[in-house]
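Each chain, written out:
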Amino acid sequence: MLVASPSGASAIMGKEFPSKFTHYGLRRKHNFRVWACEFPAFLPKEVENIKDQFARNLASRIDRLPVPLSLTKNHIMSSCVKPKTLSKTSPLVLLHGFDRSGSISSVWPFQDIDDIFFVSTVYHFLLLSSLLEWRYVLPLLEEAGLETWAFDILGWGFSDLENLPPCNVASKRDHLYQFWNSYIRRPVTLVGPSLGAAVAIDFVVNYPQAVNVDKLIFIDASVYAEGTGNLAKLPKLMAYAGIGRLHCLLPWWEDATVDFMISGGYNVSSYVQHVKQKALVIWGENDQIIDSKLSVRLQCELPNAIIRQVPDCGHIPHVEKPAAVSKLITDFVQVDGQVDIPAGLTCLKKV
């Protein structure tokens, strides 16, 4: 439970709230003085070391919900952040990427040593490959009145995987469907950054009738890579050796990620032309991870898509430029986006 009052964040940060965050559009009205903060017991204890107040706020809201897996007949206690309120627009379901680079400096706009040290401290504790990627944008979407779920893809994030299921593409797809079917059950807008875009495309193409996905939003999408490449051919021992760069301390993280790597990963480039939903393609102007030409290719191959570029921004616009990204998302989903709310979902009005 987070009990907070508006003020500066110096009590938490140990110094003035960095001006770099106002560059992101996170103004003083988002700062809090925290009087008490309890994180869910299932999070690694290192979450207490996070200095980023937005990450702390979101981490305090993480819940685990039981989700059945049809492929294994097991239930997974699946990590997510539930919406604070319902809205008449299609709910947003925020997916996340997969941090394969292992290098903060390769995707972060700050160059001086102090900035890199600060960001590395924040990122070291599980902020990538999980729903915590959305720590800056999710509050802005909620302020705009949008019903917003953040969801950890099977094998990554904070779900309980002690009894580890397969973490291949089919299992990830089934997990997402079962989550939607258990807790949302109405048209949604899927938001997929980086590899999350491939997750979204794989999902809508393989469940064209079962799930009513209203719209799609892709952020610096990684959809033209061929699976996990040569990583799929690595012996397990060698695959484990490369996992140290991933920012997750849960005991099953390595097993789940290796299982995904050797399974072959996502191959969705041939699916793109079969996506029927309206789509928004968001791209960071200075993305050094994925060639910007691929954003144009994606927009051209999608049957019904628009593209918007975020200036002075790298591979993770939802972290680097949250105000710009939240506005693009809000404007896109609020056009002809009203739907009826099933009566059975009123229990989610309060979290």
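Now for a description of the structure that goes with this document. All values reported here derive from a predicted model rather than from experimental measurement.

As a further point, take the overall build of the protein chain. Helices and strands together make up the secondary structure of the protein chain, namely 12 helices and 10 strands. Of all 351 residues assigned to the protein chain, the portion counted as buried reaches 56%. The long-range fraction of contacts in the protein chain, counting pairs at least 24 apart against all pairs at least 6 apart in sequence, stands at 78%. Working note: accessible area of the protein chain is about 15,000 Å², and carbon and sulfur atoms make up 53% of it.

Checked against the element boundaries, D174 lands in helix α6 (residues 169–183). One buried charged residue, D174, remains without a salt bridge, the closest side chain of opposite sign being R173 at 8.4 Å. Engagement of the side chain of D174 in a polar contact is seen with the side chain of S70, the distance being 2.6 Å. Contact partners of D174, with chain neighbours within four places excluded, come to L69, S70, L71 and Y207.

To continue, consider the pattern of salt bridges. Applying the stated criterion across every chain yields a total of nine salt bridges. One salt bridge connects K327 with D331, and the closest N-O pair in it is separated by 2.7 Å. Here K327 and its partner D331 are both found in helix α12 (residues 322–333), four residues apart, which amounts to about one turn of the helix.

Below, the discussion takes up the sheet that holds strand β3 (residues 63–69). Taken in spatial order, the eight strands of this open sheet run β3-β4-β6-β5-β7-β8-β9-β10, and their pairing is mixed. Single-partner strands in this sheet number two, and they are β3 and β10 (305–310). The average undirected angle you get between the axes of adjacent strands in this sheet is 25°. In the packing of α6 onto the sheet, contacts are made with β3, β4 (74–81), β6 (148–151) and β7 (188–193), and the angle to β3 comes to roughly 110°.

Our focus in this paragraph is the nonpolar core. Considering soluble globular proteins, one finds that nonpolar side chains tend to be buried as a cluster. Counting 47 residues, the largest nonpolar core has F179, L190, L216, F218, V223, L298 and L302 as its most contacted members. Put simply, the parts of the chain that give this core at least two residues each are β3, β6, α6, β7, α7 (195–206), β8 (213–219), α9 (253–263) and β9 (278–284). No other element matches the eight residues that α7 contributes to this core. Setting aside chain neighbours within four positions, we find L302 in contact with F218, V272, V275, A279 and V281. If you look at the next biggest cluster of nonpolar residues, it comprises 39 residues, including L141, I217, V325 and F332.

Quick look at the pairing of β8 now. Within a regular strand, the side chains alternate between the two sheet faces. Burial analysis of β8 places six of its seven residues in the buried class, which makes it a mostly covered element. Across six bridges, β7 lies against β8 in parallel orientation. Across the sheet, the residue bridging to G192 is F218, located in β8. Across five bridges, the pairing between β8 and β9 is parallel.

With that settled, the discussion passes to the side chain of Q53. Summarising the element assignment, Q53 is placed in helix α3 (residues 53–59). On the accessibility criterion, Q53 (4% relative accessible area) is buried. Engagement of the side chain of Q53 in a polar contact is seen with the side chain of N57, the distance being 2.8 Å.

Here we come to the packing of aromatic side chains. For the structure shown, the criterion picks out seven aromatic pairs. The structure contains a cluster of three or more aromatic residues connected by ring pairs, namely W149, F151, F179 and Y183. Directly above the aromatic system of Y136 lies the positively charged group of R135, at a separation of 4.8 Å from the ring centroid. A cation over a ring is seen here: R297 above Y224, with NZ or CZ 3.8 Å from the ring centre.

Scoring rules and cut-offs
Residues numbered from 1 in each chain as written. Predicted model: local features only at pLDDT ≥ 70, side-chain atom pairs only at ≥ 80, totals over all residues. Heavy atoms only, no water. Helix = DSSP H or I, 4+ residues; strand = E, 2+ residues; numbered from the N terminus. Buried < 20%, exposed > 50% of the residue type's maximum accessible area, 1.4 Å probe, protein only. Contact = heavy atoms within 4.5 Å. Areas by Shrake-Rupley, 256 points an atom, 1.4 Å probe, with all protein chains shown as cover. Lys, Arg positive; Asp, Glu negative; His and termini not counted. Salt bridge = Lys/Arg side-chain N within 4 Å of Asp/Glu carboxyl O. Polar contact = N/O pair within 3.5 Å; in protein donor to acceptor, adjacent residues only side chain to side chain. Pairing = 2+ DSSP bridges. Axes fitted to C-alpha atoms, helices over the stretch in contact; angles between N-to-C directions. Core = buried A, V, L, I, M, F, W, Y, C linked by side-chain atoms within 4.5 Å. Phe/Tyr/Trp six-rings, centres within 6.5 Å; stacked < 30°, edge-to-face > 60°. Lys NZ or Arg CZ within 6 Å of the ring centre and 35° of its normal.

So yeah, pure geometry; function would need other evidence.
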